[in-house]
Amino acid sequence: MTTDTEQLQTPYFVIDEPILQRYYDMLVESLSSNWNNYLIGYSFKTNSLPWLVSYVKKRGAYAEVVSEDEYSLAKYMGYRNDEIIYNGPYKGQQSFCDVLLAGGVVNLDSMQEIRWLTNLVNLHPDKPFEVGIRANFNLEQMCPGETTMGEVSGRFGFCYETGKFAEALKILRSLSNVSVTGLHLHSSSKSRSVNIFRSIARMACQLKTEFDLNLKYVDLGGGYCGGMEGRPEYPDYFPVVAEELRECFTPEETMLIVEPGISLISKCTAFVTSVFDTRDIKGTRYVMTDGSRFNIDPTMIKSSHLFHVEYTTNYGESCADNDESGVSSRSVFGSAQNNCDSRPDISQQIISGFTCMEVDRLFTYKDQPELIPGDRIIYENVGGYTMSLNPLFIQYFPAVYVKNGDEMRMVRKKWTPAEYVQGSEWEM
Ligand SMILES: *Cc1c(COP(=O)(O)O)cnc(C)c1O
């Protein structure tokens, strides 16, 4: 355990535990006050850091997994089979059967899975089985311009419009010891708007009515916003979802399942990096940092970042050491919090990562004070699709700390060659 004011070796991720707790509590409160029969399935793929998994597990969240490896991780972390929500197109047959036999939540995604199910239920003719089915539907039509798949179709689940959903349902209904008790409607959207979730809830009603479904749960999936300025938060979504669901469901009969990932962990997580070199090449100032685009934007889709800069106080004489941490802070969104006025502004500084790839450039810092080695660039809202998507490229996984007030606790050591070579064989 160290304290925040010590300068820890960068780069590292840091999770602010009180903020995480605030988001978890906000989720629980808005679910319980709007639909008091709910289940939270934490999306492993978004961030399966063991500390986070155990954090949500302790608070009653199930594990929402989308592969046999994620399933195995959930088991490793102490989840029982009946505390698993098994989704996605790439389940393992053995784990699929284990979760079904134990009464966990399985949302069918393909004909192959229906064949697995058929085999399984034939082996256990006297045992009743319950399954969910993932519906693929034209959300784009309901929310033009908002979805990730756009005009072309999404590729998950059984398509309602083409009749595949009806076909799958017919097969499942022909299996005497199987009941379809769940509907899974996860859809990714660019907007993550309240309207998206209103439309998903409407679709649940439409499918229930059209196919006369008797549902123990409606699973809305993930894809909520959280911790983004001017964007919806949990309390914006669930009154609207509940209003729609009440048209055809009651909380007494039907549970609402949600599968949050990014919305829970975005706000509480930051990535702390340092400048280690600057160089001018043909009139361009490059600022080299020990964090990489691969750490916080591994899919290379971000066009902007939320960040702030902590300036080292070692710049010349006039940046006096006026802060016990040895840094002064100036947010790009706010004004200088203390004295860095001796630094000249530079019209363009290209903030770059440590890798040897030219594309590893994070952003251009425009008309801002000159950055020098020792300055820290801290990226905010980086909890989702970063730690779990980091490559082992040039540098191994960075450390992760949990911050609680002034305390900083390391919950993952920086990876070293010892972790990298595990499982390998070679000749000395
Ligand atoms: C990715 C995913 C989630 C979580 O999505 P977030 O955007 O991180 O909230 C939940 N459910 C399923 C099925 C997913 O594929």
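Here the structure is shown first, and the text comes after it.
About the cut-offs
Residues numbered from 1 in each chain as written. Predicted model: local features only at pLDDT ≥ 70, side-chain atom pairs only at ≥ 80, totals over all residues. Heavy atoms only, no water. Pairing = 2+ DSSP bridges. Helix = DSSP H or I, 4+ residues; strand = E, 2+ residues; numbered from the N terminus. Near = heavy atom within 4 Å. Polar contact = N/O pair within 3.5 Å; in protein donor to acceptor, adjacent residues only side chain to side chain. Areas by Shrake-Rupley, 256 points an atom, 1.4 Å probe, with all protein chains shown as cover. Nonpolar A, V, L, I, M, F, W, Y, C, P; charged D, E, K, R; others polar. Core = buried A, V, L, I, M, F, W, Y, C linked by side-chain atoms within 4.5 Å. Buried < 20%, exposed > 50% of the residue type's maximum accessible area, 1.4 Å probe, protein only. Domains from an automatic or database assignment. Contact = heavy atoms within 4.5 Å. Patch = residues over 30% accessible without salt bridge, like charges linked within 9 Å, V, L, I, M, F, W, Y side chains within 5 Å. Salt bridge = Lys/Arg side-chain N within 4 Å of Asp/Glu carboxyl O.

**Considerations on the pairing of strand 16 (residues 345–352)**
Consideration 1: Judged from the four bridges that link them, strand 13 (residues 284–289) and strand 16 form a sheet pairing that is parallel. Bridge pairing in strand 16 links Tyr 286 to Ile 350.
Consideration 2: As paired elements, strand 16 and strand 17 (residues 361–369) share seven bridges and run antiparallel to each other. In the strand pairing of strand 17, Gln 348 is matched with Lys 366.

**Here's the deal with the site of the ligand**
Consideration 1: Lys 45, Thr 46, Gly 223, Glu 259 and Tyr 385 are the nearest of the 15 residues found near the ligand.
Consideration 2: At a separation of 3.1 Å, an oxygen atom of the ligand approaches a polar backbone atom of Gly 261.
Consideration 3: Between Tyr 385 and the ligand, the recorded distance is 2.7 Å, taken from a side-chain N or O atom to an oxygen atom.
Consideration 4: When isolated, the ligand has an accessible area of 390 Å², and the protein chains bury 93% of it.
Consideration 5: The residue inventory of the shell around the ligand, partitioned by class, reads three nonpolar, eight polar and four charged.

**Thoughts on the nonpolar core**
Consideration 1: Core analysis: the largest hydrophobic core is formed by 103 residues, its most contacted members being Ile 15, Leu 117, Leu 185, Leu 207, Phe 238 and Tyr 379.
Consideration 2: With ten residues, helix 8 (residues 194–211) is the single largest residue contributor to this core.
Consideration 3: Here this core spans two domains, since at least three of its residues come from each of domain 1 (18–264) and domain 2 (269–382).
Consideration 4: In this view, Tyr 379 contacts Thr 269, Ala 270, Phe 271, Thr 273, Ile 296, His 305, Leu 306, Phe 307, Ile 351, Leu 362 and Phe 363; residues no more than four positions away in its chain are not counted.

**Quick look at a nonpolar patch on the surface**
Consideration 1: Together, Leu 392, Tyr 420, Val 421, Trp 426 and Met 428 make up an exposed nonpolar region whose accessible area comes to about 580 Å².
Consideration 2: You can see Met 428 is positioned in the segment after helix 12 (417–421).

**So, unusual backbone geometry**
Consideration 1: With an omega of 0°, the peptide bond running from Thr 10 to Pro 11 counts as cis.
Consideration 2: Within the secondary structure layout, Pro 11 lies in the loop between strand 1 (2–3) and strand 2 (12–16).
Consideration 3: Located in the positive-phi region is Asp 367, a residue other than glycine, with phi close to 50°.
Consideration 4: Mapped onto the fold, Asp 367 is located in strand 17.

**Quick notes on the environment of Pro 11**
Consideration 1: The class of Pro 11 is buried, set by a relative accessible area of 15%.
Consideration 2: It is 15 Å that separates the C-alpha atoms of Pro 11 and Asp 360, two residues lying 349 residues apart in sequence.
Consideration 3: Apart from residues no more than four positions distant in its own chain, Pro 11 is found in contact with Phe 271, Val 272, Asp 290, Gly 291, Pro 398 and Ala 399.

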